[in-house]
Amino acid sequence: MSICNHILEPGQIIYKIKVNMSNERITENFLRKFVFQDESYKNDKIVFEEQSSKDIKIDKLLKNASKSGDGKGYPEFIIQFKENPDFIIVVECKADIKLHESKNRDKYKDYVVDGALLYSFFLSKEFDVLSIAISGEKKSNLKISHFLQLKGTDQYHKIFKDDSFLPLEDYLNGYQTDERKFNQDFQELLKYSKTLNDNLHTLKVPESNRSLLISGALIALHDKAFRNAYKYQKPKELAENLINTIKNKLTDVQNKHIEDIITSYSFIRTHTILSRQENKLRDIIESVDNKINNFIKTYQYFDTLGQFYIEFLRYANNDKGLGIVLTPPHITELFSEIANVNKDSVALDTCTGTGGFLISAMKQMIVDAGADKKKELEIKSKQIIGIELQHSIFSLTCSNMYIHGDGRSNLIKGSCFDEKVIEEIKKYKPNVGLLNPPYGDKKYKELEFVLNNLSMLEKGSYCVAIVPMSSVLATKGAERVFKEQLLSYHTLEAVFSMPTELFHNSKVNVVTCVIVVKAKEKHSQNYKTYFGYWKDDGFTKKKTNGRADYYNKWSAIKKYWIKNYRNRDEIIGHSVKQCIKSSDEWCVEAYMETDYSRLTSDNFSKVVKDFVVFKILSNQHVSGEIGNISVKKSYSLNTGKWKCFNIGDIFTSIEPTKGTTTNELILGDEIPYIAAKKNINGLEMMCSKNGNEQFISKGNCIIFIQLGAGSAGYTTYQEKDFIGMNGKTSCGYNDKINKYNGLFLVTILDQERPRFSFGRSWTGDRLKLTKIKLPVDNNGNPDWQFMEDYIKSLPYSSNL
């Protein structure tokens, strides 16, 4: 019998094991050796425990964690970082690789992955947990799996490469930069921003000063002497110390406006509550340190301050007059990828705001520079260029750049249209333009800001801007002139239609698009611009935190968008290449092909069921027995053989809907009021015929919803006379339409919904020239009979 010695710690030999027997101790010692040789262990940065824990919270959480379900249980190893105690690593080991993982991960006692995830389940009530499952007795064929489960969640996900150990510091960094972890921390930050905003409102700090106060606290917290003293100072003394520390930190900046910036913080000295009432200012600074400073340390190149600016001004009456509409941070990062920002880029934002675009660009430059500290310093001192006109925002921008590692030296206070400013900027030779211009500026149109940015860029550089959709749809007026100028001197590379509610968190309803322009190279007449439908970024809305990536979809969506753009892939329903003129609409909705291959009987059945519900609720006669879902003869759609028709050619007339506002109507139960919405066939309420005669429209028609909150581009079929919503809907008539083929037509028309929104209404020639595919008869005309027969074959059709 051979004997093998295994080392627990240097100098300690404690195990004697038969080599030819399966033994977990061998597997455990792989982990021990790995930990004892790791720099974090050698430098006393971790707590390493086996089969128990001295941490009271951990011990309590594991009181019911037995794998057999009968009491307390402990993983083989627990690793905790002393400076990051909210993150722990649990490790489970098995000798037999066949017992690595069960199919459903629910055999906790027998399989190593299952057991590790069991402990994670209990510990994640209070900790972020990295579970490591190890199986095998030979280093050459170890199986190693990693799972991350965040605090307060019941879901875990795989993380890190399988079958290899990483340095403990890499595990910590990987956890801290994990997308799901960021989303969780960011949502907590948003919650805190609301709490802080309420607190500052109670303390009577004006909305315009709130972000400055927070930025000042963050700047001062960089100073060791201030950190050590602020908790023990009286209000007046603390206010003075705060302002002096800010001044000392900022005065070394080579920026001619630095004195004006420092003056912006003087309100702290005279504020009647902050500078006089005990603990008020101290508590704010301490709160900012705990909640914001820690976030910034982890996510350094992220416009954290900008998110507080959005929250602070969200409900202010003077929001739009005082401030700006900030671009969401995931979009500022997207811009840097679209523009291929790298370590040699010189990024220019001529409408800097709080600096979100520049911070994202700086992050990407530094990542590309690797560990080159000399290049990093050059990036921060020479390659970040910004212009901001408003004094209060300029001060905030400079402070924000300081907080995120500098880059303030080349921030210019002034108008981007000032010739002196333009000449000064050109000296830096910027080769990337990034901007979100002011919307609805009284003096300059949005495309003027874009043209202005392009004028300062080096030839062949890319400018990426987000502008209102109306700017690129214009076919006349000033916007048309600016479109012509753009094509005359530059190349329109791409246009992406963005999510309708992208600026929801700023309480701004504007439909936008992103344009990509190559500077100072005239747009060739035969050049095809790339158009993308980027309307779904995976973000959803919640009442508490607003619009965010709650379901961790953004990363995959961004990769898909960028890959398709770089490859210039044309994908039905997503992207298309098109030659354009200044008189054309510059958006994907005008050119992309609708994917009819996705049509199934479910699409039509949904419309039928909705119409039956509408008939019941609007007191219209319903045929047959309700709920009869018998299916008759089945029909194949075979959309590949269908033919395209202009909507204007399908209907003998399209006319505005008669109607009025609900306030002018006499209520009753005789005739439906059809609003600009899709659900329940548009039914809003029932009205009386008497007294409403002038508002009644003739039935047996298709209603086109031209405008509406989330409903523009939808249609409904109205069998009977109705009262419509004047100005937001129109009616299409054709004697060949009946309730069956009418519902078929509605289903087809609804496939065009993605083309229309508040920014691109379904009206005039845009409506009439919209093409849809329909089944055709032997003469190539719409096959109305097939449409009728198809609907009659569906469940619930007997109730029509």
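Below or above, wherever it landed, is the structure these notes cover. (Residues numbered from 1 in each chain as written. Predicted model: local features only at pLDDT ≥ 70, side-chain atom pairs only at ≥ 80, totals over all residues. Heavy atoms only, no water.)

Looking only at helices and strands, the protein has 28 helices and 29 strands in total. Considered along the principal axes of its C-alpha atoms, the protein spans approximately 95 × 75 × 55 Å. The long-range share in the protein, meaning contacts at least 24 apart out of those at least 6 apart in sequence, stands at 71%. Accessible surface, the protein: about 36300 Å² in total, of which carbon and sulfur atoms supply 47%. (Helix = DSSP H or I, 4+ residues; strand = E, 2+ residues; numbered from the N terminus. Contact = heavy atoms within 4.5 Å. Areas by Shrake-Rupley, 256 points an atom, 1.4 Å probe, with all protein chains shown as cover.)

Tracing the backbone through its elements, the reader meets Lys 615 in helix H24 (residues 601-617). For Lys 615, the side chain forms a polar contact with the side chain of Glu 719, separated by 3.4 Å. Among all residues touching Lys 615, those that are not within four sequence positions of it are Gln 620, His 621, Val 622, Glu 719, Lys 739 and Leu 800. (Polar contact = N/O pair within 3.5 Å; in protein donor to acceptor, adjacent residues only side chain to side chain.)

Before going further, it helps to examine a nonpolar patch on the surface. A grouping of Val 613, Ile 616 and Leu 617 is seen on the molecular surface, where their side chains present a nonpolar patch of about 240 Å² in accessible area. Classification of Val 613 by relative accessible area gives partly exposed; the value is 38%. (Patch = residues over 30% accessible without salt bridge, like charges linked within 9 Å, V, L, I, M, F, W, Y side chains within 5 Å. Salt bridge = Lys/Arg side-chain N within 4 Å of Asp/Glu carboxyl O. Buried < 20%, exposed > 50% of the residue type's maximum accessible area, 1.4 Å probe, protein only.)

Below, the discussion takes up the sheet that holds strand S4 (residues 77-81). Reading across from one edge, S3-S4-S5-S6-S7-S8 is the order of the six strands in this open sheet, with mixed pairing throughout. Edge strands, defined here as strands with exactly one partner in the open sheet, are strand S3 (46-50) and strand S8 (156-158). When the angles between neighbouring strand axes are averaged without regard to direction, this sheet yields 20°. Direction of pairing for strand S6 (residues 128-135) relative to strand S7 (residues 143-149): antiparallel, over a ladder of seven bridges. Its bridge partner lying in S7, Ile 132 is registered against His 146. (Pairing = 2+ DSSP bridges. Axes fitted to C-alpha atoms, helices over the stretch in contact; angles between N-to-C directions.)

This brings us to the packing of helix H20 (residues 446-456) against helix H22 (residues 477-489). Packing of H20 against H22 leaves a shortest axis separation of 9 Å and a crossing angle of 20°. Classified by the angle their axes make, H20 and H22 are roughly parallel. The element H20 and its partner H22 pack so that their crossing is left-handed. Here Leu 447, Glu 448 and Leu 451 of H20 come into contact with H22, specifically with Glu 479, Phe 482, Lys 483, Gln 485 and Leu 486. When its residues are assigned to classes, the contact of H20 with H22 shows four nonpolar, one polar and three charged. (Parallel < 35°, antiparallel > 145°, perpendicular 65-115°, else oblique. Left-handed = near helix turned anticlockwise from the far one by under 90°. Nonpolar A, V, L, I, M, F, W, Y, C, P; charged D, E, K, R; others polar.)

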